[in-house]
Structure formats: C-alpha cells, structure tokens
Amino acid sequence: MGIRGELFTTQIMLENRSYFFNVKENRTGDVFLQVVESKSRDGADFDRHQIAIFSDDMQKFLQGLDKSLSFIEKDRKARAKVKAEKKALKDEKYGVSDTKKVYRKKTEKNKEERKDDGIKRTGRILHVVSKRSADTISENKTETDKKL
C-alpha cells in the first residue's frame, strides 16, 4: 500500500484541468474510488474538488454514469440530425451550391507569360502607367512652351 492508502492512481490532463482517479483503502480496510479535479486558477493557485465513491456504492454510481453518458450520446445524435435537416431545408430553399471556389497560385511561369501592357497590378487596385517615356514627355512640354 502506498502513501495515504493509495492502491492505484491514474491521471488525465486536459488544457486547464487535471483529473485524478485514485483507488484507495482507508484504515478500516474499505476500498473506495477518489475522483479529484484540479483546475488552474491564475497560473499560481489550483481549485481542487474531490468525490469519494465506496466499493459498495460503485455499481449504482456506474449505472448513473452510464445513463448520463447514454443521454449525452442520444442528445448529440438528435442535435446532429436537426442540424442536417436545417441544412437540407436551406439547400432546398436556396439551391445547392456544390461549386467550390478554386484559387490558383501565382508562379514564376505565369509572371513570365504575362506581357507588359503598362498596367501595374497591385492587389485590387489597378494603376495605369504611362507608356510614354520621360524623353517624349519632356519633348512635348518644350513644344507646347514654344507655341505659347
């Protein structure tokens, strides 16, 4: 027998909680199951709750637990069924859209194939870049200045 009468211990760790299932024996020789929930609080302290189920009451406890688990499973299935029916009604009302959007990845090959058309493409906004060179712009300015 281990420390504090422990015969067997197992631990289940979740995100912010730990559950311990300890099989213990008390001083009079009674065997019981101790279920302990330990929850982290503010990173430093722990909330700790425990229940003890003695071996005489274990069958009743397990029957209650089994009934609870059966209810949870039936409820989960019923909710999934209702959700599927709602989806079917919605699809029937608005039509089924089996088409999925397909996005293609830009590759170097696609960039090389594109011809320079003077349009600078950055996201959704199109910037039109003039095809005239700086020399022709300055020549046009000098010609208009001469006319004035």
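Every chain's residues receive numbers from 1 upward, in the order its sequence appears when written. Reporting of local features is limited, given that this is a predicted model, to residues whose pLDDT is at least 70; pairs of side-chain atoms are given and counted only at 80 or more, and all residues count toward the totals for whole chains, interfaces and linings. Side-chain figures throughout are based on the complete set of non-hydrogen atoms in the structure, without hydrogens or water.

Peer 1: Would you explain the overall build of the protein chain in this entry?
Peer 2: In terms of helices and strands, the protein chain carries 3 helices and 6 strands. Secondary structure elements of the protein chain, listed N to C terminal, follow the sequence β-β-β-β-α-α-β-β-α. When accessible area is computed with a 1.4 Å probe and restricted to protein chains, residues below 20% of their type maximum are described as buried, those above 50% as exposed, and intermediate ones as partly exposed. Across the 148 residues that make up the protein chain, the buried fraction comes to 9%. Here a residue-residue contact requires only that any non-hydrogen atoms of the pair lie within 4.5 Å. Taking all contacts inside the protein chain whose residues are at least 6 apart in sequence as the whole, residues at least 24 apart take part in 7%. Note on areas: these come from Shrake-Rupley sampling with a 1.4 Å probe, and a residue is covered only by the protein chains present in the view. With the model as given, the accessible surface of the protein chain reaches about 14200 Å², and the carbon-plus-sulfur share is 54%. In this description a helix means any DSSP run of H or I spanning at least four residues, a strand means any run of E spanning at least two, and both kinds are numbered starting from the N terminus.

Peer 1: In this structure, what is going on with the sheet that holds strand β2 (residues 17–25)? I would like to understand it.
Peer 2: In a beta sheet, neighbouring strands are held together by backbone hydrogen bonds and run either parallel or antiparallel to one another. Paired strands, in this sense, are two strands between which DSSP finds at least two bridges. Strand order in the open sheet made by the 4 strands is β1-β2-β3-β4, with antiparallel pairing throughout. Edge strands, defined here as strands with exactly one partner in the open sheet, are β1 (6–13) and β4 (45–54). Sheet twist, expressed as the average angle between the axes of neighbouring strands with direction ignored, equals 15°. Of the strand pairs in this sheet, β1 and β2 are connected by 7 bridges, and their pairing is antiparallel. Across the sheet, residue Thr10 finds its bridge partner in β2, namely Phe21. Simply put, an axis is a line fit to the C-alpha atoms, just over the touching stretch for a helix, and the angle between two N-to-C directions goes from 0 to 180 degrees.

Peer 1: Is there a simple way to think about the confidence of the model for the protein chain in this case?
Peer 2: Detailed reading of the predicted model is not advised wherever pLDDT is low. What pLDDT reports is the predictor's confidence in each residue, on a scale of 0 through 100. On average, residues of the protein chain score 80 in pLDDT, and 62% of them are at 70 or above. Summarising per-element confidence for the protein chain, the mean pLDDT is lowest in strand β6 (residues 125–128) (57) and highest in β2 (93).

Peer 1: Would you mind going over the pattern of salt bridges with me for this structure?
Peer 2: Pairs may arise between side chains of opposite charge once their charged atoms sit close together. A side-chain nitrogen of Lys or Arg and a carboxyl oxygen of Asp or Glu constitute a salt bridge if their distance falls within 4 Å. Throughout the structure, instances matching the rule amount to 6 salt bridges. The salt bridge involving Glu73 is made with Arg76; its shortest N-O contact spans 2.5 Å. With Glu73 and Arg76 both in helix α1 (residues 58–94), this residue pair falls 3 residues apart, about one helical turn. Asp91 is the partner of Lys87 in a salt bridge, and the nearest nitrogen-oxygen pair spans 3.2 Å. Of this pair, Lys87 and Asp91 both sit in helix α1, separated by 4 residues, roughly a single helical turn. Exposure remark for Lys87: the relative accessible area of 52% places this residue in the exposed category. Ionic contacts of the salt-bridge type, sharing partners, join the residues Arg41, Asp45 and Asp47 into one network.

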